[in-house]
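# Coordinate analysis (summary)
Listed below, chain by chain, are the residues.
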Amino acid sequence: MSEMVLIDKVIPRTDVVKRTARIGAEIKNIELSSDLPDHTIGAINTLLLEHKVIFFRDQGHLDDVEQERFALRFGKLAPNPTFGATKGTMSIIDIDSARPPFRTDLWHMDWSCLDAYPKISVLRAVVIPPVGGDTVWSNTATAYLDLPPPLRRLADDLWAVHSFPVVARPTEADMNPYDQALTRAWFETEHPVVRVHPETGERTLVLGSYVERFVDVSKYDGQRLFDLFESHITAPENTVRWNWRQGDVAIWDNRATMHYAAKDYGDQPRVVRRAMIEGEVPVSVDGRCSVARVKFIKQPPANVG
Ligand SMILES: [Fe+2]
């Protein structure tokens, strides 16, 4: 029996509404919960691999604990490396515009400064501003295919250093408590610019805001290469934009997408909560694995939730 037929038996095709030709689909008529049968979780995972990011409206019944229990059905939880979890959870982090734990208005993959960075993120909308606050995702597999063959070959050969924090750090006395939390960690990993997706076999671009430099490339040339590849990743034809409502859930494949949260809602509150699932160490097209160069946490993270 084909995978397509299997999905159709669990989630009717009419309940899968594509948002663009290349990326993003809304899945209707599912109430997300940790008690969903294995075949439904399997169908959701298959739809995730196909569409890269999937959206579910009207999931207001979820709280932090149930969101985490649902996320756990897709693998091992990946606690945030620098921030504590919200009350009663192992891993849920609170992303609150009133006290942002980090910048989200940059194109990035979650925690790509780690070697085995998360494979899946599950984000739930708790408070959504009346206007603005959309998130945009891009498909890094089709971005790779958009490159002309000589640039694909160049990307296949390149490696980049992803680090956190990326920028020069001020002294602790200059910082607020959230910035201070960032200084507790220092991560640096060399990733191939192109990785082979462990489940689909697709080649995807591994770049984004954690990139500090390319290996064996000068800063000047590296910046131009970065801009060139990023322009393919963020081309509008390669993206989907989601206009959040309270209670929405988005799940994305962090190995095949990048995302950007638009900061266009003034001083209105916006609160979203995220769970992440442990990923695999990326493998390059010639079979080499990413290498963590530095991994350092000064002290255990404080609870912020
Ligand atoms: Fe993110």
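These notes cover the structure that comes with them. None of the values given here were measured: they were computed from a predicted structure. (Residues numbered from 1 in each chain as written. Predicted model: local features only at pLDDT ≥ 70, side-chain atom pairs only at ≥ 80, totals over all residues. Heavy atoms only, no water.)

### A closer look at the overall build of the protein
For the protein, the count of helices and strands is seven helices and 16 strands. Taken over 305 residues, the protein has a buried fraction of 54%. Counted over contacts in the protein with a minimum sequence separation of 6, partners at least 24 positions apart contribute 82%. Counting every atom, the protein has about 13,800 Å² of accessible surface; 53% of that belongs to carbon and sulfur. (Helix = DSSP H or I, 4+ residues; strand = E, 2+ residues; numbered from the N terminus. Buried < 20%, exposed > 50% of the residue type's maximum accessible area, 1.4 Å probe, protein only. Contact = heavy atoms within 4.5 Å. Areas by Shrake-Rupley, 256 points an atom, 1.4 Å probe, with all protein chains shown as cover.)

### Section: the coordination of the iron ion
For a metal bound by four donors in a tetrahedral arrangement, the ideal donor-metal-donor angle is 109.5 degrees, while six donors in an octahedral arrangement ideally sit at 90 or 180 degrees. Coordination of the iron ion by the protein is provided by His108 (NE2), Asp110 (OD) and His259 (NE2), with metal-donor distances spanning 2.1 Å. Here the donor residues of the iron ion share one chain and are spaced in sequence as H-x1-D-x148-H. Here His259 lies in strand 14 (residues 257-261) and Asp110 lies in the loop between strand 4 (93-96) and strand 5 (120-127), a separation of 149 residues in the sequence. With respect to burial, Asp110 and His259 carry one shared label: buried. (Donors = N, O, S within 2.8 Å, 3.2 Å for Na, K, Ca; no water.)

### Comments concerning empty space enclosed by the protein
One pass over the structure, following the stated rule, counts one cavity of 30 Å³ or more. Estimates place the volume of the largest cavity at around 120 Å³. Lining the largest cavity we find Ile95, Thr104, His108, Asp110, Leu123, Thr135, Trp252, His259, Ala261, Arg270, Val272 and Arg274. Elements supplying a minimum of two residues to the lining of the largest cavity: strand 14 and strand 15 (271-277). Here the residues of the lining of the largest cavity sort into five nonpolar, four polar and three charged. (1 Å grid on protein atoms, 1.4 Å probe; cavity = no way out; pocket = protein on both sides within 12 Å on 5 of 7 lines; lining within 4 Å. Points joined across faces, edges and corners; volume = space filled by probe spheres on them. Nonpolar A, V, L, I, M, F, W, Y, C, P; charged D, E, K, R; others polar.)

### Brief notes about the environment of Leu147
Among the structural elements, Leu147 can be located in the loop between helix 4 (140-146) and helix 5 (149-157). With relative accessibility at 1%, the residue Leu147 sits in the buried group. On a C-alpha basis, the gap between Leu147 and Phe229 in space is 8.2 Å, while along the polypeptide they are 82 residues apart. The contacts of Leu147, once residues within four sequence positions are left out, are Arg152, Ala155, Leu205, Phe229 and His232.

### Brief notes about the layout of surface pockets
By volume, the second largest pocket is sized at about 320 Å³. Considering the residues around the second largest pocket, the lining is formed by 18 residues, among which Ser97, Pro100, Thr104, Lys263 and Tyr265 are closest to the centre. The residue inventory of the lining of the second largest pocket, partitioned by class, reads seven nonpolar, four polar and seven charged.

### Regarding helix 3 (residues 64-71)
Counted residue by residue, helix 3 has six buried out of eight residues, so it is predominantly covered. For helix 3, the complete set of buried residues consists of Asp64, Glu66, Gln67, Glu68, Phe70 and Ala71. Looking at the buried side of helix 3, the elements it contacts are helix 2 (38-51), strand 5, strand 13 (249-253) and strand 15.

### Observations concerning the packing of helix 5 against helix 7 (residues 219-233)
Where helix 5 meets helix 7, the closest approach of the two axes is 12 Å, and the angle between their N-to-C directions is 120 degrees. Between helix 5 and helix 7, the angle is such that the two are oblique. The handedness of the crossing between helix 5 and helix 7 is left-handed. Contacts between helix 5 and helix 7 involve Leu151, Leu154 and Ala155 on the former and, on the latter, Leu225, Leu228 and Phe229. Classifying every residue of the contact of helix 5 with helix 7 by side-chain character gives six nonpolar, no polar and no charged. (Axes fitted to C-alpha atoms, helices over the stretch in contact; angles between N-to-C directions. Parallel < 35°, antiparallel > 145°, perpendicular 65-115°, else oblique. Left-handed = near helix turned anticlockwise from the far one by under 90°.)

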